[in-house]
Amino acid sequence: MNDSRVKINTTQAVVIIVNYMLGAGILTLPRTTSSAVGTPDVWISILLSGLIVTGIGLILVTLCRRFPEKTVFQFTREITGRWIAYILGCVTILYFMIISAFEIRVMADVTGMYLLERTPTWAIVMVFMWIGIYMISGGLGVIIRVFEIILPITLIIFVMEILLSNQLFEISNLRPVLGEGIMPVLKGLKPSLLSYTGYEVMLVITAYMQDPKKSNKAMTWGLTISTMVYLITVVMVVGSLSLDGIKTRTWPTLDLVRSFEIQGLIFERFESLLLVIWIMQIFSTFAITHYCASVGIRDLFRAKKIRWIMYALLPFIYLTAMMPKTVFETFALGDMLGNVSVVLFAILPLVLLLISIIRKKGGKRA
Amino acid sequence: MISFRMCLRVTCAVFILCIISGCWSSREIEDLSLYVGLGIDVGKETDFEKKISAQGGHYPKQNNVTATVQIAPGNSSSQKSQQSGSPSSGKESYSNEQLTGDSMLQIFRQFALRRDRPLIGHHLKVIVISKDIAKKYGLIQLLDFVLRDNDIRPNCLVLISHQRAVDVLTSDDPSRIPAFYLTGITNNAYISNKILEPVSLAKLDAQMQSGSSFLLQNVLNANGEDKFSGGSIFAANTTKFLGELSQTDLEALSWLMPKKQGGVIKTYSKEGFTVLYEIKKKKIKIIPKVNGDDISFHVKAESEGWLMEDWRAPEEEEKGAYLKEMENDFAELVEQQIKQLLYKLQHTYKVDVAGFRDSIRIKYPKTWKKVKGNWDEIFATIPITYEVKTSITNPGSSTE
């Protein structure tokens, strides 16, 4: 467990950010954003919120760089004092735990619906969590190695599959551009901002970076890649199924892939492949949040053995995942998480940064 | 101690190996009934059902809908089902099973009481809905289960039958599976402009949700053979059957739809000989004009094509003037057809199924917002002008 000695380079930081960000959200993203926007300008909302999140992310890493080698759980204490730091730390840990529970739940729901209809949920979740704990107990080094394998495979196959739907694509579904002005685009900002949660991983990861100076570069690249993936998804889903067509679909991204068959290309139907591939991506989100929550507890309470913390968290994550009774409650949980993340990781870092500058805490800008 | 840990590890490894190679909820494909076609008809109990209910084997239901599922491959046994592909011996390529009830899913589950192999919908290719049931219930009601189901894929096609859907799903040729046959015909849409662009469940759902009236392909049936002819119009809000367009109307419609390709125009020369023109390239522009509250459309259609058949005898060389004359004849014929179609759409049925809505939605989004609510009514009063230009670029392989 020489966890703190693992150093990661910039590319690896990018890989972690992207792997965290791309999770279960992409399966419902086209529906949530387009129902808020109401015009085919959804893609502009996605693009715009990508830019906004980059700004927020840069503030976040600026904060982290003032405290080299320290995670958010360690340096908040220096800025705000002990008690507030405990409260903030606990909330952050809780957030990471609930996110990992949420990802598991969505994964279980989708697999139960389209892949393994008669397999009990606990059996799917159990395997998932066990493999997760096996990986994260190896520490950050192992996590990164696995992520570096997962990311290119999932991204290439996902984008290819989405692009295969071009036979359904009709440009008139995306027109008119800004037909009702800019207002609908602004209305869509909130749900699309929520889909960008995941950059907060830098609060923990920056501490392990070889060269923390490059953390803003890592942030920018990570967000660019995620934005591109979101953009391609939304453009293809809205362009193929049309705005009215996705209004009532529970999992629009999956339905896009279910809406065509290609003869003579090894597979005729791609939804199973997409799900299997995307489950890896959900797995990586689950694993990194589980890991972050464990690191949080370790750093906040100055514990020694992170492995025990990880095992102890398992039942809590499982119980949280099983809490939503219906799929509607699951979606509601997702929305709530998004809202919390905006407060916790968009507004708070700015406040912390300002306080730390005023109180002259932390080192000079690294 | 070490040997104990070793033991534990080996046990674990063996245990995991045993589990990993298994599959939790696998079902053998041989033990399932794949249904490839689904027919929806007005409720009419089959003989079998009547006899069963005479014995008391019924459950509370209204006989509103009769569902026909086409299972492929059919039964291999000597046991004959009522509507089978081949009445003779051997393995049948498909079998049709019918049940009546008032809920689609309940009907489907009812099959579990009759057949040893459960139905699965992953490979449903085509849904045929009879005209009569579509008059009674909206498509949004009839297809609600199909759209919600997690097995049925949204790329399944939807067709409308003139008579009973079960007849369309029955063929005299035992080697032919009607569901596949129908999907095959739909794929010919690129070669004939009398076939509508295939409408899948995904597209249909979008159309029903958008609150626009829409068209679906009609299938006729005679002597155990199917033929595509014309289309059915469905009303915007009720999604019920409203009326029909003929083959010729569909041809005319293709001149209003930019995506539609292919097709021929037949006219008679002055002497009464048949002359045929095959459309190779087509460019269609629908130009909406908004002036205050007045909306109007202008359709500009240009086509390039080959003169593929000329019955003129004695043959003469096709020279400029003659070709020009033919070009005008073709254009006139098309305009005639469009005129008839527009009359039907604007006066008989008062629906816009020709996609005029899209052009105004894209060009004038603000006006569209105002007229969206009762577009079909407004459409009926909108003046539409059109000009058609056909040019003959090639006489085919023979110049005579």
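Residues numbered from 1 in each chain as written. Chains lettered and ligands numbered in written order. Predicted model: local features only at pLDDT ≥ 70, side-chain atom pairs only at ≥ 80, totals over all residues.

**Regarding the nonpolar core**
Then comes step 1: Core analysis: the largest hydrophobic core is formed by 195 residues, its most contacted members being A:I16, A:I17, A:Y199, A:V201, A:M202 and B:I129.
Then comes step 2: Element by element, the count of residues in this core is highest for helix α14 (residues 271-300) of chain A, at 14 residues.
Then comes step 3: If you count residues domain by domain, this core takes at least three from each of domain 1 (29-245) and domain 2 (249-394) of chain B.
Then comes step 4: Not counting residues up to four positions away in its chain, the partners in contact with A:I16 are A:I144, A:F147, A:V201, A:I205 and A:I288. (Core = buried A, V, L, I, M, F, W, Y, C linked by C-beta atoms within 7 Å. Buried ≥ 20, exposed ≤ 12 C-beta atoms within 10 Å, placed from the backbone. Helix = DSSP H or I, 4+ residues; strand = E, 2+ residues; numbered from the N terminus. Domains from an automatic or database assignment. Contact = placed C-beta atoms within 7 Å.)

**Here's the deal with the interface of chain A and chain B**
Then comes step 1: Taken together, the contacts link 23 residues of chain A with 15 residues of chain B.
Then comes step 2: Breaking the side of chain A that touches chain B down by element, the ones donating at least two residues are α5 (82-114), α12 (243-247) and α13 (252-258) of chain A.
Then comes step 3: Residues belonging to the side of chain A that touches chain B are distributed by class as follows: seven nonpolar, seven polar and nine charged. (Nonpolar A, V, L, I, M, F, W, Y, C, P; charged D, E, K, R; others polar.)

**Remarks on the domain arrangement of chain B**
Residues and elements named next belong to chain B.
Then comes step 1: Entries for chain B in the domain assignment read domain 1 (29-245) and domain 2 (249-394).
Then comes step 2: Each of domain 1 and domain 2 has a C-alpha centre, and the two are 34 Å apart.
Then comes step 3: Taken together, the contact between domain 1 and domain 2 spans 18 residues of the former and 17 residues of the latter.
Then comes step 4: Contributions of two or more residues to the side of domain 1 that touches domain 2 are made by β8 (214-222), β9 (225-234) and β10 (241-245).
Then comes step 5: For the side of domain 1 that touches domain 2, the class distribution of residues is nine nonpolar, seven polar and two charged.

**Considerations on the sheet that holds strand β14 (residues 384-394) of chain B**
All names here are of chain B.
Then comes step 1: Across the sheet, which stays open at both edges, the four strands sit in the order β11-β12-β13-β14 with mixed pairing between neighbours. With one partner strand each, in any of the chains shown, β11 (264-268) and β14 form the two edges of the open sheet. The mean angle between the axes of side-by-side strands here comes to 35°, regardless of whether they run parallel or antiparallel.
Then comes step 2: Looking at chain direction, β11 and strand β12 (residues 274-291) are connected through five bridges and run antiparallel. (Pairing = 2+ DSSP bridges. Axes fitted to C-alpha atoms, helices over the stretch in contact; angles between N-to-C directions.)

**Here we look at helix α4 (residues 72-80) of chain A**
Residue and element names in this part refer to chain A.
Then comes step 1: All of the buried residues in α4 are V72, F73, F75, T76 and I79. Along the axis of α4, the buried positions cluster into a sector of 165°, meaning they face one direction only.
Then comes step 2: Residues of α4 that are buried sit in contact with α5, α10 (202-205), α14 and α16 (327-358). (Arc of directions from axis to C-beta.)

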